[in-house]
Structures are given as structure tokens and as C-alpha cells.
Amino acid sequence: MRAVTTSSDPVPAPVSVDVVLPCLDEAEALPRVLERVPPGWRALVVDNGSTDGSARIAQALGATVVREERRGFGAACHAGLTAATADIVCFCDCDASLDPADLMPFVREILAGEADLVLGRRRPQTRGAWPVHARAGNLALTRLLRRRTGLRLHDLGPLRAARREPLLALGLTDRRSGYPLQMVVRAADAGWRIAEHDVPYRPRTGVSKVTGTWRGTWQAVRDMSRVLAETGPAAGQGVRA
């Protein structure tokens, strides 16, 4: 896969972009994340039950806050997707491990009609950025994904971009850790052109709720394995972007 192009090149204006940022107790990381959202894009911080004032901080920093009481990474992501109004919707973790500015070349690729879904392949910048158990789980899942769809992807990371209406048409139902994988599986079944590019991956700010623990990683792998088993018409209902 070719490396992502520099994020310093501006996306041609006007372009309507919403960035969904699922958030659970990320008060420490929010200022860094929000300051890196490209100018003119709207940050949708989806508060998933934070108790550290994350929602208040996000609002004070100019983000649009969406509240999702149902716990789960997929629940937060989908709440952001349904609240979005922009033509293009991006997703990014809210823990400062990924840079929202790295989404700019993704959006350019969507606008140019070169891809329907663009994913970020995480490249750790330090040894501790991506724990061994999390990396092993990701590797196993990408191999299973290849068998299921034929896609030769290397990562199922959260940094991604696509057009909003086709994403909604995929009918995503997972509300836990399987949401990112279900998006890829259903997009592949619908014939989408899926691209993957390298992005820097840094140690997260704060405590991880998933990949920082063996238990969290195992739960994520179990959720995603269930998604890989889905077959039938529901998996291919999406409209190509």
C-alpha cells in the first residue's frame, strides 16, 4: 500500500465534511484532537457517558456534541453518523493516537472518485503505541477478512472516510467493537472500492478501554469474529458511493 500523502495540502473548497469522534472520558486528549481538525470541517464529539467533563470541554472548544447513552464503540460511531449532515463523513479516535488532519488526503481521494471508502493503516511511532496483543488480534482479523472478502487490508483501524448517504445505506447494525469491521465487510459486499494508506499512530492519551487490556482486545476480536460470520442479503444492501 502506498503511504498517505502529506496532510498539509488543503482540501479544495467548498467541501462538506463532518468528523465523528467517539468519546468516553477523553478530557485530557480533546484539546489536542480538536485543534487538529482541518479548518472548515465540523467536529462531532459523541459523548458515550463520560464522567470527566469531556462533553463540556468539547463544547467549549467549538465542537458539536452528540450524546449517546448506549455504551459501545459502534453505538457512538453510528450516533455520529446519523447526526452528520455533511456529504463526506470521517471517523477518528478521540484519544490523540491519530491525527484528524491525516484525513485530508482521504477526503481528496473520495472527492476525486478514486475510492469509496478510505482507511488508515496504523504505523506505530513508538514501541508502546500499539500493544502486542492488540496487534496480534488485528492481524488475525485482517487474515479472516481476506478469506471472507478477498480484500488485502493490513489494518481495521478507526481512521476512515466515505460519503454519508452510501454509509447509511449499508444498514450497519453492530453497536460494539465490530462496527468498523462490519462497515468494511458490507462495503466490500456492495462492491465499493476500498483503499488503505499509512498513517502515524502514537501512544494514546489516558487509559485505553479496549486495546490497552487483554480482556478488551479479546472482546473486540469476539465482536468482530461475529461480524465476519454474517452472510446473506443484509450484508450487501449498501449502494456504491
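Cut-offs used in this document
- Residues numbered from 1 in each chain as written.
- Predicted model: local features only at pLDDT ≥ 70, side-chain atom pairs only at ≥ 80, totals over all residues.
- Heavy atoms only, no water.
- Buried < 20%, exposed > 50% of the residue type's maximum accessible area, 1.4 Å probe, protein only.
- Helix = DSSP H or I, 4+ residues; strand = E, 2+ residues; numbered from the N terminus.
- Pairing = 2+ DSSP bridges.
- Right-handed = clockwise from strand over helix to strand, strands pointing away.
- pLDDT = per-residue confidence, 0-100.
- Contact = heavy atoms within 4.5 Å.
- Phe/Tyr/Trp six-rings, centres within 6.5 Å; stacked < 30°, edge-to-face > 60°.
- Lys NZ or Arg CZ within 6 Å of the ring centre and 35° of its normal.
- Axes fitted to C-alpha atoms, helices over the stretch in contact; angles between N-to-C directions.
- Core = buried A, V, L, I, M, F, W, Y, C linked by side-chain atoms within 4.5 Å.
- Salt bridge = Lys/Arg side-chain N within 4 Å of Asp/Glu carboxyl O.
- 1 Å grid on protein atoms, 1.4 Å probe; cavity = no way out; pocket = protein on both sides within 12 Å on 5 of 7 lines; lining within 4 Å.
- Points joined across faces, edges and corners; volume = space filled by probe spheres on them.
- Nonpolar A, V, L, I, M, F, W, Y, C, P; charged D, E, K, R; others polar.

## Structural notes on the pairing of strand S1 (residues 17-23)
In terms of burial, S1 is a largely internal element, 7 of the 7 residues being buried. Neither face of S1 is exposed, since Val17, Val19, Leu21 and Cys23 on one face and Asp18, Val20 and Pro22 on the opposite face are all buried. In terms of strand pairing, S1 meets strand S4 (residues 88-91) through 4 bridges, oriented parallel. Note on S4: the bridge partner recorded for Asp18 is Val89. A crossover connection joins S1 to the parallel strand S2 (residues 42-47) through helix H1 (residues 30-35); in handedness this β-α-β unit is right-handed.

## Topic: helix H3 (residues 73-83)
Judged by how many residues are buried, H3 sits mostly within the fold: 8 of 11 residues are covered. Of the residues making up H3, those classed as buried are Gly74, Ala75, Ala76, Cys77, His78, Ala79, Gly80 and Leu81.

## A few points about the confidence of the model for the protein chain
Predicted coordinates in regions of low pLDDT should not be interpreted in detail. Confidence along the protein chain averages 85 in pLDDT terms, with 79% of residues attaining 70 or more. Between residues 1-9, whose pLDDT stays under 50, and residues either more than four places distant or in other chains, the model counts 25 contacts.

## Side note on the packing of aromatic side chains
On inspection of all chains with the given rule, the structure shows 0 aromatic pairs. It is Arg122 that lies over the ring of Tyr201; its NZ or CZ is 5.2 Å from the centre.

## Concerning the sheet that holds S1
A sheet is described by the order of its strands in space; here 7 strands give the open sequence S3-S2-S1-S4-S6-S5-S7, paired in mixed fashion. Each edge of the open sheet carries a strand with a single partner, namely strand S3 (64-67) and strand S7 (194-201). Put simply, the sheet's adjacent strands are angled 25° from each other on average, direction ignored. Where strand S5 (residues 117-124) meets S7, 8 bridges bridge the pair, whose relative direction is parallel. Residue Gly120 lies in a different strand from S7, and its bridge partner there is His197.

## Focus on the nonpolar core
Counting 34 residues, the largest nonpolar core has Val19, Leu21, Leu34, Trp41 and Cys90 as its most contacted members. Contributions of two or more residues to this core are made by S1, H1, S2, helix H2 (54-60), S4, helix H4 (104-111) and S7. The next biggest cluster of nonpolar side chains, apart from the first, holds 33 residues, and it includes Val46, Phe91, Leu151 and Tyr179.

## Observations concerning the pattern of salt bridges
Following the criterion strictly, the structure yields 11 salt bridges and no others. The salt bridge partner of Asp95 is Arg204, with a shortest N-O separation of 3.2 Å. Here Asp95, found in the loop between S4 and H4, pairs with Arg204, found in the loop between S7 and helix H8 (214-228); they are 109 residues apart in sequence, far enough to count as distant. Here the salt bridges do not stand alone but share partners, grouping Glu26, Asp95 and Arg204 into one network.

## Examining the environment of Ala75
With respect to the helices, strands and loops of the structure, Ala75 is situated in helix H3. Between the C-alpha atoms of Ala75 and Arg175, which are 100 residues apart in sequence, the distance is 4.4 Å. The residues touching Ala75, leaving out its near neighbours within four places in the chain, are Glu68, Arg70 and Arg175.

## A few points about empty space enclosed by the protein
All told, the structure shown has 1 cavity of 30 Å³ or more when counted by the stated rule. In this structure, the largest cavity spans a volume of roughly 60 Å³. In this structure, the largest cavity is lined by Val20, Pro22, Phe73, Cys77, Phe91, Cys92, Asp93, Pro158, Arg160, Tyr179, Pro180 and Met183. Secondary structure elements with two or more residues in the lining of the largest cavity: S1, H3 and helix H7 (179-189). Per element, the largest residue contribution to the lining of the largest cavity is 3 residues, and it comes from H7. Along the lines of polarity and charge, the residues of the lining of the largest cavity split into 10 nonpolar, no polar and 2 charged.

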